[in-house]
Amino acid sequence: MPGSSAVRAALTSQAIETPSWGYGNSGTRFKVFAQSGVPRDPFEKLDDAAQVHAFTGVAPRVSLHIPWDRVDDYGALASHAGKLGLTLGAINANVFQDDDFKLGSVTHPDPAVRRKALALLLECVDIMDATGSSDLKLWFSDGTNYPGQDDVATRQDRLAEALAVVYERLGGDQRMLLEYKLFEPAFYATDVPDWGTAYAHCLKLGPKAKVVVDTGHHAPGTNIEFIVALLLREGKLGAFDFNSRFYADDDLMAGAADPFQLFRIMHEVVVNGGLEPGAQVDFMLDQCHNIEAKVPAMIRSVMNVQEATAKALTIDAAALAAAQRSGDVLGANAVLMDAYNTDVRPLLAGLREEQGLRPDPFSAYLASGRQERIAAERVGGTQAGWGA
Ligand code: PSV
Ligand code: MN
């Protein structure tokens with residue numbers, strides 16, 4: 001029921017994790033456009049993330065990417081986060097930007113390169129210990145560009161071997177989140193191309209290994225919500241990397257290209273218990289903002305996820321179940337569409353006001369003058385960006 005106490009509680013307790021790299025400069029392989037006021041180190045990235053949380057009230061965690069966010073003192077970074085009202089979320093392992101990884105990281109034909117990649121993954125677990133992060137997020141750019149380039153099954157063996165070592169190293173409360181991606185940068189065969197491959201590895205590893213669904217990483221037309229329902233049913237959905245795509249892995253703001261898809265995904269999350277705290281689904285954003293202002297883009301993305309969640313929670317579950325039971329195809333679809341077409345912005349604005357927040361985080365941030373302040377203050381130093 002719209003606005004019921006259960007709906008309100010679910011909305012205020014939802015946590016959306018933002019990515020440190022979404023605050024830095026980024027672009028395409030053609031050009032990175034620098035913006036003024038962009039953070040110059042991981043501490044300033046957290047300062048920006050704190051603004052997203054301050055204005056939305058639902059973004060208390062930040063994912064880090066290593067080595068982009070390497071610092072001398074991770075305890076100091078975690079306590080900086082704490083002072084800002086944040087905690088550090090998933091630690092993302094970057095084994096895709098070193099020359100040695102040209103032919104792969106943990107699946108590379110050379111055991112010395114595999115050892116180097118494994119060492120980086122284990123360093124990320126050390127960082128989790130130091131920061132209190134509970135999730136290690138793994139995405140491998142590994143794969144081949146040409147048929148015959150390497151043996152596909154042998155690469156799976158190498159991957160399994162590395163994952164098993166890392167899994168063993170995890171502490172009791174720590175998880176491994178394995179992300180798949182259809183293609184890019186490998187074009188012929190990616191080593192973890194789909195949910196089935198990720199799921200098979202996670203199943204073998206054990207209960208602490210779960211799958212990450214990055215919404216940008218599928219073929220056009222893929223029914224992502226089906227994958228979500230299935231993984232939740234199997235207890236293997238660990239996290240989302242939300243973003244939007246028109247063509248491939250576009251990394252645009254979540255809910256921008258296809259808000260209806262985001263709603264359908266959140267519907268499956270809701271009906272399959274993914275919002276329950278015990279489900280431990282991490283709702284992360286994975287976006288790189290190329291031409292848009294970074295903090296406002298992140299605020300808009302968080303709001304889009306919230307709106308999709310609110311609409312999904314607004315679905316009349318009893319009416320939907322009755323229509324489904326009686327085979328009322330059009331009636332069932334109408335129940336879903338009624339919720340999708342509901343304007344949930346007043347509900348969310350009211351909830352924010354009850355929490356002492358401004359009703360519209362996006363315009364409130366722009367009106368705060370902070371964007372101009374950081375542009376004036378953050379001069380000198382090296383701006384954070386893709387690869388830094
Ligand atoms: C790969 O495309 C990916 O989705 C992974 O999550 C990486 O960590 C991230 O993008 C880097 O931007
Ligand atoms: Mn991702």
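What you see is a predicted model; the values in this text were computed from it and never measured.

Draft legend 1. Representation of the coordination of the manganese ion (ligand 2). Within the protein, the manganese ion (ligand 2) binds to Glu-179 (OE), Asp-214 (OD), Asp-241 (OD) and Asp-286 (OD); these donor distances fall in the range 2.1 to 2.2 Å. Mapping the donors of the manganese ion (ligand 2) onto the primary sequence yields the spacing E-x34-D-x26-D-x44-D. Remark: Asp-286 occurs in the loop between strand S10 (282-285) and helix H9 (294-314) and Glu-179 occurs in strand S6 (residues 175-179); sequence separation between them is 107 residues. There is no split in this pair, since Glu-179 and Asp-286 are both buried.

Draft legend 2. Representation of the site of ligand 1. For ligand 1, the set of nearby residues contains 13 residues, the closest of which are His-65, Glu-179, Lys-181, Asp-249 and Asp-286. In this structure, an oxygen atom belonging to ligand 1 sits 2.7 Å away from a side-chain N or O atom of His-65. A distance of 3.2 Å separates an oxygen atom of ligand 1 from a polar side-chain atom of Asp-241. In the complex, 95% of the free accessible area of ligand 1, which totals 310 Å², lies under the protein chains. A molecule is said to occupy a pocket when more than half its atoms come within 2 Å of that pocket's grid points, and by this definition ligand 1 occupies the largest pocket. The residue makeup of the shell around ligand 1, split by class, is 3 nonpolar, 3 polar and 7 charged.

Draft legend 3. Fine view of the packing of helix H10 (residues 317-325) against helix H11 (residues 329-340). One way to put it is that H10 packs onto H11 with a least axis distance of 8 Å and a crossing angle of 160°. Viewed along their axes, H10 and H11 adopt a mutual orientation that is roughly antiparallel. Crossing hand, H10 versus H11: left-handed. Of H11, the residues touching H10 (which contributes Ala-319, Leu-320, Ala-323 and Gln-324) are Gly-331, Ala-332, Val-335 and Leu-336. For the contact of H10 with H11, the class distribution of residues is 6 nonpolar, 2 polar and no charged.

Draft legend 4. Inspection of the pattern of salt bridges at higher detail. According to the stated counting rule, one finds 24 salt bridges in the structure shown. We note a salt bridge from Glu-354 to Arg-8, for which the minimum N-O separation is 2.4 Å. Here the residue Glu-354 occupies a position in helix H12 (residues 345-354), and Arg-8 occupies one in helix H1 (residues 5-13), the gap between them amounting to 346 residues. A residue is classified by how much of its surface remains accessible, and Glu-354, at 56% relative accessible area, is exposed. Here Arg-169 ties to Asp-126 by a salt bridge, and the two come within 2.7 Å at their closest N and O atoms. Highlighted residues: Arg-169 in helix H5 (residues 152-169) and Asp-126 in helix H4 (residues 111-131), separated in sequence by 43 residues. Residue classification places Asp-126 among the partly exposed positions, given a relative accessible area of 41%.

Definitions and limits used
Residues numbered from 1 in each chain as written. Chains lettered and ligands numbered in written order. Predicted model: local features only at pLDDT ≥ 70, side-chain atom pairs only at ≥ 80, totals over all residues. Heavy atoms only, no water. Donors = N, O, S within 2.8 Å, 3.2 Å for Na, K, Ca; no water. Helix = DSSP H or I, 4+ residues; strand = E, 2+ residues; numbered from the N terminus. Buried < 20%, exposed > 50% of the residue type's maximum accessible area, 1.4 Å probe, protein only. Near = heavy atom within 4 Å. Polar contact = N/O pair within 3.5 Å; in protein donor to acceptor, adjacent residues only side chain to side chain. Areas by Shrake-Rupley, 256 points an atom, 1.4 Å probe, with all protein chains shown as cover. 1 Å grid on protein atoms, 1.4 Å probe; cavity = no way out; pocket = protein on both sides within 12 Å on 5 of 7 lines; lining within 4 Å. Sits in = over half its atoms within 2 Å of the grid points. Nonpolar A, V, L, I, M, F, W, Y, C, P; charged D, E, K, R; others polar. Axes fitted to C-alpha atoms, helices over the stretch in contact; angles between N-to-C directions. Parallel < 35°, antiparallel > 145°, perpendicular 65-115°, else oblique. Left-handed = near helix turned anticlockwise from the far one by under 90°. Contact = heavy atoms within 4.5 Å. Salt bridge = Lys/Arg side-chain N within 4 Å of Asp/Glu carboxyl O.

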